[in-house]
Amino acid sequence: MKKRAKEMGLDDIRVNNAGCLERCELGPAMVVYPEGIWYHYENTEDIDEILEKHIVQGNPVERLLLKDGQKFLDPSPPEWLDLVVSEIMHLGDDCLTIEFKHSNGEDLPEFSAGAHLGLLFDRHRLSRYFSLINNPVETNRYLVGAKDEEGDDSMTDWIASNIKVGDEIKAHLPTNTIELNESAVQHTFFGEGSGVLPLLSMCHRLLDIDAGFKVHYLLSSLGNNFFLKELKEICGKRLTLHLSDSFSEISATISNLHNEPIENHHLYLCGSADFMTEALAKTADWPVESVHTQYMSAPKLKDSDALNFSITLARRTKTLRVGETQSVFDVLQEAGLLNLKYACEDGLCGACKVKVLFGEITHRDFVLTAAEKNQQNAMISCVSRAAEESSRLILDI
Ligand code: FES
């Protein structure tokens, strides 16, 4: 590196050997001062890139960065997208939209109806998830929706502090936890409050494929029109609005669906924890694969019965202890696996899903389907635990 820096005419930097940096498990490592930015590197191309991009241009090389406390190199870093914020719109009725384009001006990867977009902040330590609300056929932009509300600690306040037009932001590829079943003959949606957001892209898609669908939207009062105008524009007469402070009207509507044939009919429920509990109670007779859910807030979890258990990281032949009050996610973070993407930490978004190779899981999340839970080969690490009778899980990490 010293030789290369000299060849590049970098006379105002000093390159010197250090003693042990105490991160030997990461292979060759360096730290750049005065910023205190750490890198790992494997070859002369990596060194050239650090010199050219970081030292000459002042831009850290994201792909080689080491994070505080990182103890392992992630063998499969998440795929990232480079986005630029092209527009932030305050639409009235508490609605806010943010439009993103590809930072290179290229088309964006396709997303499926109902998907959400995870944006990365704080040198990728923090991700925030937003529902994509535009038509999935639009490949030139992602449009996300959020609540426009006043007050400190509100979503609007957070967005104002963290997202501005022109900002370059990294994002995970869009992920979907409430996929449409496009082979269904009829689709019926029940959305409450912010549960309307994933429905917008799904309704766009169903119109495009000319599928039969109806939407029931529950709003608590007339003054609260969260994305109602947009939903009306897409759905027209397919939309039924329920203005009520109780869930009884929606519950009765779901119960009345039993009067219609339910074969090839799929239900989609999106809303708060209380709404979901009420609505799901009315779908007990429906085939589980016909009922799709997206919780917008987490029900209170029952205290876990699970005692301590261990997790073995198969790819690293390392075993860690998960204490009574810890989550698997906490333990992985403490072990320096900071590349694990996460967002809600409530078992809602599915971002912290990990593959399980062995052991029985007690699922405590609100995102995996019943079939996925039965397979016992994946867990949502922020909330799920080893089953009482299983003292050890082997994870594909
Ligand atoms: S972080 Fe969202 S489900 Fe675990």
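Residues numbered from 1 in each chain as written. Predicted model: local features only at pLDDT ≥ 70, side-chain atom pairs only at ≥ 80, totals over all residues. Heavy atoms only, no water.

## Looking at the packing of aromatic side chains
Tallying each qualifying case throughout the model produces 7 aromatic pairs. Ring plane angle 75° and centroid distance 5.8 Å describe the contact between Phe 247 and Phe 275, whose orientation is recorded as edge-to-face. Of this pair, Phe 247 sits in the loop between strand E12 (239–243) and helix H6 (248–256) while Phe 275 sits in helix H7 (residues 273–281), placing them 28 residues apart in sequence. Accessibility expressed as a relative area gives 1% for Phe 275, which makes it buried. With a centroid separation of 4.9 Å and an interplanar angle of 50°, the aromatic rings of Tyr 295 and Phe 366 are classed as tilted. One end of the pair, Tyr 295, is in strand E14 (residues 291–295); the other, Phe 366, is in the loop between strand E18 (361–362) and helix H9 (370–375), with 71 residues separating them in the sequence. There is no split in this pair, since Tyr 295 and Phe 366 are both buried. By the ring-pair criterion, three or more aromatic residues cluster together here, those being Phe 189, Phe 213 and Tyr 268. The ring of Trp 158 carries Arg 128 above its face, with NZ or CZ at 4.2 Å from the centroid. (Phe/Tyr/Trp six-rings, centres within 6.5 Å; stacked < 30°, edge-to-face > 60°. Helix = DSSP H or I, 4+ residues; strand = E, 2+ residues; numbered from the N terminus. Buried < 20%, exposed > 50% of the residue type's maximum accessible area, 1.4 Å probe, protein only. Lys NZ or Arg CZ within 6 Å of the ring centre and 35° of its normal.)

## Here we look at the pairing of strand E1 (residues 29–32)
Where E1 lies against strand E2 (residues 37–40), 4 bridges are found, and the strand directions are antiparallel. Looking at E2, one finds that Ala 29 is bridged to His 40. Counted along the chain from E1 to the antiparallel partner E2, the turn is 4 residues long, and its residue Gly 36 has a positive phi close to 70°. (Pairing = 2+ DSSP bridges.)

## Some remarks on the domain arrangement of the protein chain
Assigned domains within the protein chain: domain 1 (2–66), domain 2 (80–172), domain 3 (186–295) and domain 4 (309–395). Between the C-alpha centres of domain 1 and domain 3 there is a distance of 54 Å. (Domains from an automatic or database assignment.)

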